[in-house]
Amino acid sequence: MPEPTVRVPLATIAHGRSGDKGNHANVAVIAYTDAGFAWLRDNLTADVVASYFSPLGPSRVERFEAANVRGLNFVLYDVLAGGASRSLRTDTQGKTFALALLEMLVPRPENYEAMLRPGRNPP
């Protein structure tokens, strides 16, 4: 029987910010290291993010790269149920979306230690 895949929270290799753009949410994920950014570019696709947030019903998700800051920026369209002034959701401005995405469990990369925030020990 194959060994189960070890999974780690995305937050161990990246941090993030998020907010609203009207009825759309903007989620940035920023790697701590170059190795982490390379992993994010290969594995954190628009489809993965769309699937993760599918319960909120985004009409589409676009990904933009910001290599100069080791970041990926995702725009989740039509995900805020009308936006801040119309929505009845708890988070009408998408401020917690980055935190939610950083809780996503991902397979532990082979060079995981090279992706950790400097000065942190791996979990």
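The rules behind these values
One numbering rule holds for all chains: residues counted from 1, following each sequence as written. Given that this is a predicted model, residues contribute local features only at a pLDDT of at least 70 and side-chain atom pairs are listed and counted only at 80 or more, while totals for whole chains, interfaces and linings are drawn from all residues. Think of the side-chain values as coming from all heavy atoms in the structure, minus any hydrogens and water. By definition, any uninterrupted DSSP run of H or I lasting at least four residues is a helix, any uninterrupted run of E lasting at least two residues is a strand, and each is numbered from the N terminus. For every residue, the accessible area (1.4 Å probe, protein chains only) is compared with the maximum for its type, and the residue is labelled buried under 20%, exposed over 50%, or partly exposed between those bounds. Note on areas: Shrake-Rupley with a 1.4 Å probe; residue coverage comes only from the protein chains shown. Here pLDDT means the predictor's own confidence in every residue, given as a number from 0 to 100. The contact rule is simple, with two residues in contact once any of their heavy atoms fall within 4.5 Å. Any two rings among Phe, Tyr and Trp, with Trp reduced to its six-membered ring, count as a pair given centres within 6.5 Å; such a pair is stacked if its planes are under 30 degrees apart, edge-to-face if over 60, and tilted if neither. When the NZ atom of lysine or the CZ atom of arginine is within 6 Å of a ring's centre and also within 35 degrees of its normal, the charge is said to sit over that ring. Should DSSP find at least two bridges between two strands, the strands are taken to pair. Here, axes are lines fitted to C-alpha atoms. For helices the fit covers the stretch in contact, and angles between N-to-C directions go from 0 to 180 degrees.

### Concerning the overall build of the protein chain
- When helices and strands are tallied, the protein chain shows three helices and six strands.
- For the protein chain, the succession of helices and strands along the chain, N to C, is β-β-β-α-α-β-β-α-β.
- Sorting the 123 residues of the protein chain into buried and exposed places 40% on the buried side.
- Accessible surface for the protein chain amounts to roughly 7200 Å². Of this, 50% is attributable to carbon and sulfur atoms.

### A word on unusual backbone geometry
- Positive phi outside glycine occurs at Arg-70, with the angle close to 60 degrees.
- Residue position: Arg-70 is located in the loop between strand 4 (60–66) and strand 5 (71–77).
- What makes Arg-70 partly exposed here is its relative accessible area of 29%.

### Examining the confidence of the model for the protein chain
- The share of residues in the protein chain with pLDDT of 70 or more is 81%, and the mean pLDDT across the chain is 85.
- A low-confidence stretch, residues 86–93 (pLDDT under 50), is modelled with 18 contacts involving residues beyond four sequence positions or located in other chains.

### Details of the packing of aromatic side chains
- Tallying each qualifying case throughout the model produces two aromatic pairs.
- Between Tyr-52 and Phe-53, the ring centres sit 5.4 Å apart and the planes meet at 90 degrees, which makes this aromatic pair edge-to-face.
- Looking at Tyr-52, the relative accessible area reads 31%, which means it is partly exposed.
- Exposure remark for Phe-53: the relative accessible area of 5% places this residue in the buried category.
- Between Phe-53 and Phe-97, the aromatic rings sit 5.3 Å apart at their centres with planes inclined by 15 degrees, giving stacked as the arrangement. With Phe-53 in the loop between helix 2 (46–52) and strand 4 and Phe-97 in helix 3 (residues 97–102), this residue pair connects regions lying 44 residues apart in the sequence.
- Feature note: the residues Tyr-52, Phe-53 and Phe-97 constitute an aromatic cluster, connected by ring pairs.
- The ring of Tyr-77 has Arg-60 sitting right over it, with the charged end atom 3.9 Å from the ring centre.

### Concerning the sheet that holds strand 2 (residues 14–21)
- Ordered by their spatial adjacency, four strands build an open sheet running 2-3-5-4, and the pairing between neighbours is antiparallel. Both outer strands of the open sheet, strand 2 and strand 4, are each paired with one neighbouring strand and no more. Within the sheet, the average angular offset between the axes of one strand and its neighbour, ignoring direction, is 20 degrees.
- As judged from the six bridges shared by strand 3 (residues 24–31) and strand 5, these two strands associate in the antiparallel manner. In the strand pairing of strand 5, Val-27 is matched with Phe-74.

### Things to note about the environment of Ile-30
- Residue position: Ile-30 is located in strand 3.
- Through-space distance from the C-alpha of Ile-30 to that of Leu-40 is 8.8 Å; in sequence the pair is ten residues apart.

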